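# Examination of the molecular architecture
Letter by letter, the chains look like this.
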Amino acid sequence: MGAKQSRACCRDKGPRGMVLLRGRQPFSSWDDSLLSGKDPRALLKRGMRHVSFSLVTKGMTDVPDFLWSLSEVQKLNLSHNQLRALPPDVGKLSRLVVLNLCGNRLRSLPREISLLKCLKVLFVNMNCLTELPAELSACRSLEVLSLSHNCLSQLPASFADLSRLRKLNLSNNYFAHIPVCVFALKELDFLHVGSNRLENIAESIQCLASLQIFIAESNNIHSFPRSLCLLTSLELLNLNNNDIQTLPDELYLLWRLGRIAWNPMDKGLHISHNPLSKPLPELVEGGLEMLFSYLKDKKHN
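Residues numbered from 1 in each chain as written. Predicted model: local features only at pLDDT ≥ 70, side-chain atom pairs only at ≥ 80, totals over all residues. Heavy atoms only, no water.

This part covers unusual backbone geometry. Between Lys278 and Pro279 the backbone carries a cis peptide bond, its omega angle lying at 5°. Tracing the chain through its elements places Pro279 in the loop between β13 (268–270) and α2 (280–286). Phi is positive for Asn172, close to 55°, though the residue is something other than glycine. In this structure, Asn172 sits in the loop between β9 (167–169) and β10 (190–192). (Helix = DSSP H or I, 4+ residues; strand = E, 2+ residues; numbered from the N terminus.)

Next up, the structure:
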């Protein structure tokens, strides 16, 4: 059971065709077409709240140098390209609030990412990350971090300093356990650790008192920890496709779950495709109220 992902990165491409423009540094041919002799700032989009810049699905293997001079950019989207590395110059974009690097070939992030003190949202899902810089913990404004579909097996201990983090996606990686630093993130209300190599959930999960959504589907988890029942703010708990045989008597404390859920998008308790011992399968079929009633009576008898 667990994640069996194929994350092979594409091979490097050959040299790019270059066009030398008078009064400017060398750009690739697609850069020249993009700029058309204009000031790069003409490409900025100025919305009500943020100044944004997007280079999505351009087939880039490198980030164009002109980007680092656009210091006013607050939202930057470089997703779905062929980027192998993010230059240290990213630290020059000190006003960045949202950075989207989804769907590239990044194996690491530069230490200079620590200079992005305003960064609140970072998407680095669907890359080839094998590690993360400890310096990322200096982005103390970070609230949303997606690292899904990479090759990660651990996080730096310094991640415990991301005290404002509310949503963390670690799904589809190689984690054998939930990193200890995660349990220090007291503001987390969303945690996704599905499709990893987890065999248990540490008792320390009870430290995440603000958690409303916890997804740990498609692992090899053998038991449902009682400490999970102390997270009374939970509205969605997904433990589908694991190896759970019994449920704790205290499960009825999770009254906000509301129902047994079958649709992956629904709130509630997701517990299907586990080898539950009798009579639990029949009780689950009967609904959450029946299951809770049985467990409550069992506890008090």
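Now that the structure has been shown, the text picks up again.
Let us look at a positive patch on the surface. On the surface, Arg49, Lys75, Lys120 and Arg164 cluster together to form a positively charged patch. Mapped onto the secondary structure, Lys75 falls in strand β5 (residues 75–77). Classification of Lys75 by relative accessible area gives partly exposed; the value is 34%. (Patch = residues over 30% accessible without salt bridge, like charges linked within 9 Å, V, L, I, M, F, W, Y side chains within 5 Å. Areas by Shrake-Rupley, 256 points an atom, 1.4 Å probe, with all protein chains shown as cover. Salt bridge = Lys/Arg side-chain N within 4 Å of Asp/Glu carboxyl O. Lys, Arg positive; Asp, Glu negative; His and termini not counted. Charge placed at Lys NZ, Arg CZ, Asp CG, Glu CD. Buried < 20%, exposed > 50% of the residue type's maximum accessible area, 1.4 Å probe, protein only.)

So, about the pattern of salt bridges. With the rule as written, the count across this model stands at 11 salt bridges. Arg46 is the salt-bridge partner of Glu72, the closest N and O atoms lying 3.7 Å from each other. Of the two residues, Glu72 is situated in the loop between β4 (51–54) and β5 and Arg46 in strand β3 (residues 45–46); the sequence distance between them amounts to 26 residues. We classify Glu72 as buried; its relative accessible area is 14%. Note that Lys298 is salt-bridged to Asp249, the shortest N-O span being 3.0 Å. Taken together, the positions of Lys298 in helix α3 (residues 288–300) and Asp249 in the loop between β12 (236–238) and β13 put the pair 49 residues apart, joining distant regions of the chain. Of the residues examined, Lys298 reaches a relative accessible area of 42% and is grouped as partly exposed. Residues joined in a network through salt bridges with shared partners are Glu143, Arg166, Lys167 and Asp189.

So, on to the nonpolar core. Counting residues in hydrophobic clusters, the biggest one holds 82 residues, and the most contacted among them are Phe214 and Leu291. Looking at this core, the element that brings in the most residues is α3, giving four residues. Apart from the residues within four sequence positions on either side, Phe214 is in contact with Ile178, Leu191, Val193, Ile201, Ile205, Leu228, Leu234, Leu236, Leu237 and Asn238. (Core = buried A, V, L, I, M, F, W, Y, C linked by side-chain atoms within 4.5 Å. Contact = heavy atoms within 4.5 Å.)

What follows covers the sheet that holds β5. With mixed pairing, 11 strands are arranged side by side in an open sheet as β3-β4-β5-β6-β7-β8-β9-β10-β11-β12-β13. Strands with a single pairing partner mark the edges of an open sheet, and in this sheet they are β3 and β13. Both strand β6 (residues 98–100) and strand β7 (residues 121–123) contribute to a ladder of three bridges, which runs parallel. Its bridge partner being in β7, Val98 is matched across the sheet by Val121. (Pairing = 2+ DSSP bridges.)

On to the side chain of Ser148. With respect to the helices, strands and loops of the structure, Ser148 is situated in the loop between β8 (144–146) and β9. Only 3.4 Å separates the side chain of Ser148 from the side chain of His149, close enough to count as a polar contact. The residues contacting Ser148, other than those within four sequence positions of it, are Asn125, Met126, Asn169, Ser171, Asn172 and Asn173. (Polar contact = N/O pair within 3.5 Å; in protein donor to acceptor, adjacent residues only side chain to side chain.)

Once that is clear, we can look at the packing of aromatic side chains. Applying the stated criterion across every chain, the model contains one aromatic pair. Ring geometry for Phe53 versus Phe66: centroids 6.1 Å apart, planes at 80°, classification edge-to-face. Here Phe53, found in strand β4, pairs with Phe66, found in the loop between β4 and β5; they are 13 residues apart in sequence, far enough to count as distant. This pair shows no difference in class: Phe53 is buried, exactly as Phe66 is. (Phe/Tyr/Trp six-rings, centres within 6.5 Å; stacked < 30°, edge-to-face > 60°.)

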